[in-house]
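Summary of the model geometry
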Amino acid sequence: MSTIAELVEKSTRDTGEPKLNLAEVTVLVDALSPEAVGDQRSQGYVVLSTICTKVRTKYGPEDGTARLTRLFTPFVQGSLLPNELALKRVLILLTALFQVDSQTAISILTSSNAVVTLKQELILKNVPIQLKKALASLLGHAAGHALCRFLIASECTPWLEKQCNQGDDLALRATSANALIKLSQQEDKAVSVSSLPGFELAALMQSLVSGTADIHAKAEAIEGLAYASVEPRIRELLSEDPKFLSSLFNFVPRRLSPTVPNAIDGLSSLLYGIAVVTSNLVLSRPQRSQEEIQLEKLRNLANSAQKPKPGAEGEDLEDEKHVRTRVAKVVDAGALVALTNIVKLSDSSATKLVVARSLLSIAESKVHRGEILKAGGAKALMTIIRSSSSNPPSNAGPEILLPIQALAKLAITASPLQVFGAGSDASLDAIAPLCHLLLHESSSSLQQFEAMMALTNIASIGPVTSTHVARFPGLVEKVEILLLDDNVLIRRASCELLCNLISADEQIFRRFGGGDDETFTAAAKSKLQILLALSDVDDTPTRLAASGSLAVVSSSQSASLALISLQEEKGNLVPILLGLLVVDHGEINSTSESEQLAKGLFLRSITCISNLFSLSNEVLRDKILAAFIAGGIHQTLATAVEQYGTSDSTLINPIVQILKSLEMYKKR
């Protein structure tokens, strides 16, 4: 008879369709047993995975499932005998198949008489505890798939309930409760699933996580809670138990060691379960449109007679207050360190994306962003982004945007050096993902806003980072489009990013008319017209950024000529710039910073005016001087001096220079 080592060699060597006789399948199944010694179990999973992968690669999804079903069905049917060892082997094989190739396991379970026979031989008889645990494990895996739930619910629910209530074996109780929780996902509510309420099952698994040292019972309970915690009532129950939260997060090992399960024994699924439970606990209700809110009200009205609200006494457990409280409790219990350790330990992209979702939810509150950084959250997010299966992120689905958005939130409220580390090189690695967050076709307005805010901060580090941002393909074109967005925050963020890039990058400077030539392009003139219009909007930060861009680019002859051309055509350059010199503090929302913001607008405008008055073309310079005199610049400057006083040289000196230019014009 072959050994498992020989099967490993055979499965990797064979180039054709893998073939196993019944004796070889028996060797494989015995190696997959939890009682297998040494590395036999890992070798067994290697063989099973290799066979399934080769068949699916060669024959595709449907034909591959059919061929794998034909490969293993004879062994299953031949082992459905009143024999404990044979039945145990069936349970082991099907459980392993659910982990490696679930479609084949589903096909075998639903197309054979396996469930009926297992009920007759295991459920209706008193069998050893190990067989019960193996059966409960199989039912738990199968219950995770919709195609199996009806079959299991109709045949096995009472037995699972009985195992939940017995106290002899905690792992059996947890595994059975796990299966019942998954069965509760049955969409056909006409099917009776369980008489045990989901809340009661969750409470059982909660107690197992925090009150037992049985590692397998804990792992099963965590998996069940990953399903159960989608319900707001259960999220609230779990978040109010500090002992449970501490036990949950302490269960994440800081490094791999022989004392914790290895990948085959379930570390991967365990880490995924902890990540999902955490994600559910910190989950906030998605922002909804007014139409969605009204539709929900109508549904609640229609269902009010038979559907109670989620919280006790009608309490809304998904409102901002409850979510904020749950997040604080989860963070205090050590979730952040656990999440960053999961990223280090797990090779699963699905697990890492769940961690990213958790960190994004926690980062919604600025209060916790510093704690995320201290726990290594930024590094973990960069690891998740780099390990994305699709490269570049622009080709990936919207789920890859989650870690990037979380990173953007951190980069908005903290210095890029705090987020990414000292030196510009560390920040450079974050530029491409953040640009993809802005450019991705699935990006929401919020994601675009946060991407631009983060890129603005990174660009402000210095010329190296700003150049990398400016030269990213398609970025500047996208920012220009967003200057005209209906959303005031999007316009503001795009304007602020553009102001930084115009100041730091020669190509962007020239794109907006910068240069020493005495000519300008129609495209540059059009862009300057947009900046001029944005200098006259109600939103003060947008006005600051737009007028700042004009102040920078008007230092060039060509941009100044384009602005004078706009004055001749539209007549709005002079009134807009004069309007920025003296701003009513009531126009600025923030009273504490109103004077500083008003001075900022003044300096931007006076710089732009000074640049216009410094044109080398005397004819056009005189034209613009005359236009400003006609627009009342003398009175405006007098009002500015009255408003700001004469003690601030940064304000008074440019006023003096402007008045000198005006006086020289009058003398000519």
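Scope of this entry: the structure provided in the associated data block. (Residues numbered from 1 in each chain as written. Predicted model: local features only at pLDDT ≥ 70, side-chain atom pairs only at ≥ 80, totals over all residues. Heavy atoms only, no water.)

A word on helix H12 (residues 232–239)
Let me state the cut-off plainly: Relative accessible area decides the class of each residue, using a 1.4 Å probe on protein chains only: under 20% of the type maximum gives buried, over 50% gives exposed, and in between gives partly exposed. Counting from the N terminus, the helices are the DSSP runs of H or I reaching at least four residues and the strands are the DSSP runs of E reaching at least two. Throughout, a residue-residue contact means that at least one pair of heavy atoms, one from each residue, lies within 4.5 Å.
Among the eight residues in H12, seven count as buried, and that is most of the element. Buried within H12 we find Pro232, Ile234, Arg235, Glu236, Leu237, Leu238 and Ser239. As for H12, its buried residues are in contact with helix H10 (198–211), helix H11 (215–228), helix H13 (242–250), helix H14 (267–281) and helix H16 (320–332).

As for the side chain of Ser176
When you line up the elements, Ser176 lands in helix H9 (residues 170–183). Residue Ser176 is classed as buried on the basis of its relative accessible area of 0%. In contact with Ser176, other than residues within four places in its own chain, are Ala136, Leu160, Gln163 and Cys164.

A word on the nonpolar core
Here is a general trend for soluble globular proteins: nonpolar side chains tend to be buried in one another's company. Applicable threshold: Working definition of a nonpolar core: buried Ala, Val, Leu, Ile, Met, Phe, Trp, Tyr and Cys residues. They are joined through side-chain atoms within 4.5 Å.
Core analysis: the largest hydrophobic core is formed by 209 residues, its most contacted members being Phe72, Leu475, Phe613 and Phe628. Per element, the largest residue contribution to this core is eleven residues, and it comes from helix H3 (residues 40–79). Not counting residues within four places of it along the chain, the set of residues in contact with Phe628 comprises Val574, Leu577, Leu578, Ile609, Leu612, Phe613 and Ile633.

Considering a positive patch on the surface
What counts, and what does not: Only residues whose relative accessible area exceeds 30% and that take part in no salt bridge are eligible for patches, with like-charged residues grouped when within 9 Å of each other and nonpolar side chains (Val, Leu, Ile, Met, Phe, Trp, Tyr) grouped when within 5 Å. Here the Shrake-Rupley method, with its probe set to 1.4 Å, supplies the accessible areas, and only the displayed protein chains count as covering residues. Salt bridges, as used here, are contacts in which a Lys or Arg side-chain nitrogen is within 4 Å of a carboxyl oxygen on Asp or Glu. This count recognises Lys and Arg as positive and Asp and Glu as negative, with His and chain-terminal groups excluded. Working definition for charges: the position is that of NZ of Lys, CZ of Arg, CG of Asp or CD of Glu.
Side chains of Arg254, Arg255, Lys344 and Lys379 sit close together on the surface and give a patch of like positive charge. Its location among the elements puts Arg254 in the loop between H13 and H14. A relative accessible area of 59% means that Arg254 is categorised as exposed.

Looking at the packing of aromatic side chains
Here is the rule we go by: In summary, the pairing rule links any two rings of Phe, Tyr or Trp, Trp by its six-membered ring, whose centres are within 6.5 Å, and it sorts them by plane angle into stacked for under 30 degrees, edge-to-face for over 60 and tilted for everything else. By definition here, charges over rings are those cases where NZ of Lys or CZ of Arg is within 6 Å of the ring centre and within 35 degrees of the ring normal.
Evaluated as defined, the whole model comprises two aromatic pairs. The ring of Tyr59 is capped by Arg67, whose NZ or CZ atom sits 3.8 Å from the centre of that ring. Stacked on the ring of Phe251, the Lys or Arg Lys218 has its end atom at 5.3 Å from the ring centre.

Nothing here speaks to function; it is all geometry.
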